[in-house]
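Here's the letter readout for the chains.
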Amino acid sequence: MSETQTLTSRELHCWSCGAAAGGAHFCPSCGKIQPLPPDIDYFTFFGLPRRLGLDAHALEAIYHELSWRLHPDRFAQASEAERRLSLDRAAQLNDAFRTLRDPVRRVEYLLWLSGRRREGETRQQAPPELLEEVFELNEVLEELRQARRNGGDGTAASLRRQLEAEQQKLETMLAAVDKELAEAAAAWDRALDSGAAVEPLFDRLNQILNRRSYIRNLVENVRQELAAD
Amino acid sequence: MARTVGIDLGTTYSLVAYVDPETGRPQVISGPYGTPLCPSVVSVDPDGSIVAGEAARRRLLTQPDRTIYSVKRLMGRGVEDVREEQKLFPFRIDPESTQVVRVRLGERVFTPPEISAFILRELKAWAEEHFRDTVDRAVITVPAYFNDAQRQATRDAGRLAGLEVLRLVNEPTAAALAYGLHEQQRGLVAVYDLGGGTFDISILKLISTTEGDIYQVLATCGDTHLGGDDIDNLLLGIAREEIRRQFRVDLEAAPERIQELRRVLIRAKHELSQAEQTRVVFPLDGSVYERRITRAEFEDWIAPIIERTFGPVRQALADAGLQPAQLEEVVLVGGSTRLPLVRRRVEQFFGRRPHTELNPDEVVALGAAVQAGILTRGAQPMLLLDVTPLSLGIETMGGVVAKLIPRNSTIPASAQELFTTGVDNQTGIEIHVLQGERELARDCRSLARFTLRVPPMPAGMARVEVRFTIDASGILQVRARDLRTGQEQGVEVRPSYGLTDAEIERMLEESIEYAEQDFAQRQLIEARNEAESILHYTEKSLASEAAAELADDERTRIAAAATALRQAMSGTDYKQIRRLIDELNQATLPLAEHMMNRVLAATVEGRRLEEL
């Protein structure tokens, strides 16, 4: 978290009693729900350090506990202002949980937070090591479409089997990339813990994410093509 | 203290329920016909008065052009959307309709929320009669797969009926709440909800925490135009075709007859859930259409309709990342799940026997009541975490949709987006919000358009942050903030298929006007009825022996008062009628006295006889 943000959070005062609330969910003094600080990040919201290794069960437990306290149902009888604050906080809680519980989105988010990745960025250039695979796949897809147009059922069936084999291959590659991502994420946490520079890891994580997104798109295309039958 | 109820505003039937404070159990409220099922039918009388429920349903046969059913199919939809519906349903869409559909009933024109509001008012009246207390707040259920416009239309209907809508709850989720209270279920649950007009599937995870039970929806999917109506229309199509072939009779020109036939066929459908076969008998001019339908034949016909439900079921499971066999419980909701074929297919699909313990017609209303109890009194330690059924996005360059909130996100959910200007001195940025899963804006559902105001400055300098929030009812809220000034900006969202606040205000005013008119109408009817009975009683009394004791002027006074009352009865001034009823009452006092004396005398005589 940046210095300036910490400062802003410290300056936040309770809208109801005026006590220092420091950006917490509830005022430590009067217990009223507090507005969201403008730039609060998902890790801070959950009270977690910016680490990539997160225990799924622990995260879910925090999520449930915060849901009980922040959900608009709990404020149905409260003032209009408090209902609105609860809506904002609960929405942020759900958005944060959706992002943090997914190991891939978690990395994307951390990079974005560090100014190293723009949201939704996916490089559509094929990574060099995938070029051969992509070429092969496109060939099969093209032949399959051609065969369908010509009504060649026999050819289509054999091409379909070929495509299914390609799909298998892609799924295996996806699993490998996920493993690679997990290793890089662990390296990030280790660097944080030992006080080493995390800078070199940004590029590595970005590359893995780009490759992953590319393979995922291929998997999706093949899946749709197979489902079209 | 005013009460809060839970309402299931259904396609075919609507119900109202509440949580009994003594037992903590939800309970449905029965209406004047002794059943909790209120037909979702509204009818407009030639005199302008409106009836809803069973009374309106009876008019489907006598006044089909003044009566409407299945209006839920029109909620939140545009004229273009309902073209198909018009072939199957006798909706008379007003040709003047622009984006929001307007329906013609007799001389008057209504929007679907106004019509739904009449059904809600009827249920509100049932509940008020039951409690002998006012009801001003409600939780109303909607199909899980309803989009933003359909949800807004439902909330508008509540508002028009004088109800503060505390929350819209998804029907399958409500059912899960009711079942959870009933069975104390845990784990992964699928709710399969096939109603009169809509189909929903929801996958839930029930979690026990130290604070209480969390009902977390993992995924939902559905079809807002798939239900028992489709089966009825299919049967109707078959029967009409057979009638045309066998008797050369086309029922097209006789909407009353079609409604009659529809009723006969619905009865046959119900019978086939119990019996192996049924007989349809429908008299025609000079002949009779008669036909035996076996269950096997019926199931052959409807199988394609039932199969359509499994597309959304597979999608929801895939979104939740689950296989059918992983579900620990399956719950059936909605009247159409009484069909044996549905039960068999669901059991086959999930590999386990589905729950049917709670009445499938009532379970959604019971769940709505539970949620109403949670919201008003914190009655149950339960928390509902529902999802948005459709992805939310905005239109970008080239008509492509940028997704901001993916489908099946837990609600409330939000997304922020930063906007800037593309040309120098541009003062407005147009935003188009959409809902749907497709890539292109034209394939998605348009929700709303709005314009962000910016002061003139060089291109790219403006910085407006827009926050899109889907609230716990699944309805979109938009807020904008100028990042340079930190000022919040009011965003006037023009709903693409909904009513604006101004329109609702106007309707509310009108409905109050009409309410006054309706009130006067009711007063008139009551006054006439009362006049009728007092005139009848007076006549009878004048013919009795006691009348002989009347003085001439007394007799003249009665006759004059009776004549005046009779004349007033043909008018519409109920106050005048009331005044003349009082006058006649006064005039007949001496007559009543004579009669009373005779009765007393007779009693006394009787006593004497006994004493002897």
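Refer to the structure presented above.
Structure report, in brief.

Rules behind the numbers
Residues numbered from 1 in each chain as written. Chains lettered and ligands numbered in written order. Predicted model: local features only at pLDDT ≥ 70, side-chain atom pairs only at ≥ 80, totals over all residues. Heavy atoms only, no water. Salt bridge = Lys/Arg side-chain N within 4 Å of Asp/Glu carboxyl O. Helix = DSSP H or I, 4+ residues; strand = E, 2+ residues; numbered from the N terminus. Buried < 20%, exposed > 50% of the residue type's maximum accessible area, 1.4 Å probe, protein only. Pairing = 2+ DSSP bridges. Axes fitted to C-alpha atoms, helices over the stretch in contact; angles between N-to-C directions. Parallel < 35°, antiparallel > 145°, perpendicular 65-115°, else oblique. Contact = heavy atoms within 4.5 Å. Nonpolar A, V, L, I, M, F, W, Y, C, P; charged D, E, K, R; others polar.

Below, the discussion takes up the pattern of salt bridges. Applying the stated criterion across every chain yields a total of 50 salt bridges over all chains. Asp193 of chain A is the partner of Arg51 of chain A in a salt bridge, and the nearest nitrogen-oxygen pair spans 2.6 Å. Taken together, the positions of Arg51 of chain A in the loop between helix H2 (42–46) and helix H3 (56–70) and Asp193 of chain A in helix H7 (residues 153–194) put the pair 142 residues apart, joining distant regions of the chain. Look at Arg51 of chain A and you get partly exposed, because its relative accessible area is 26%. Salt-bridge contacts for Arg3 of chain B lead to Asp133 of chain B; the nearest nitrogen and oxygen are separated by 3.6 Å. Highlighted residues: Arg3 of chain B in strand E1 (residues 3–9) and Asp133 of chain B in the loop between helix H3 (112–131) and strand E10 (135–142), separated in sequence by 130 residues. One salt-bridge network, in which partners are shared between bridges, spans Asp319, Lys403, Arg407 and Glu437 of chain B.

This part is about the pairing of strand E12 (residues 187–194) of chain B. Residue and element names in this part refer to chain B. Counting buried positions along E12 yields 8 of 8 residues, so the element is predominantly enclosed. Bridge count for E12 against strand E13 (residues 199–208) is 8 bridges, and the pairing is antiparallel. For Val191, the partnering residue across the bridge sits in E13 and is Ser202. The sheet contact formed by E12 and strand E17 (residues 329–333) spans 5 bridges and is parallel. Considered in E17, the bridge of Val191 is made with Val331.

A few words now on the packing of helix H1 (residues 54–62) of chain B against helix H7 (residues 255–272) of chain B. Residues and elements named next belong to chain B. Where H1 meets H7, the axes come as close as 7 Å, and the angle between the chain directions of the two elements is 120 degrees. Comparing the axis directions of H1 and H7 gives the class oblique. Contacts from Arg57, Leu60 and Leu61 in H1 reach Glu256, Gln259, Glu260 and Arg263 in H7. Within the contact of H1 with H7, the residues separate by chemical class into 2 nonpolar, 1 polar and 4 charged.

All names here are of chain B. What helix H10 (residues 340–350) keeps buried is the set Pro340, Leu341, Val342, Arg345, Val346, Phe349 and Phe350. Residues of H10 that are buried make contact with E12, H7, helix H8 (295–307), helix H9 (310–320) and E17. Immediately beyond the C-terminal end of H10, within one or two residues, lies Gly351, with a positive phi of roughly 70 degrees.

All names here are of chain B. As summarised here, the arrangement of the 5 strands in space is E17-E12-E13-E14-E18, forming an open sheet in which the pairing is mixed. Edge positions in the sheet fall to E17 and strand E18 (382–385), since each has one partner strand and no second. Looking at each pair of strands side by side, their axes are set apart by 25 degrees on average, direction ignored. Packed onto the sheet, helix H11 (residues 363–377) meets E12, E17 and E18 and runs at close to 115 degrees relative to E18.

By themselves, these figures tell us nothing about what the structure is for.
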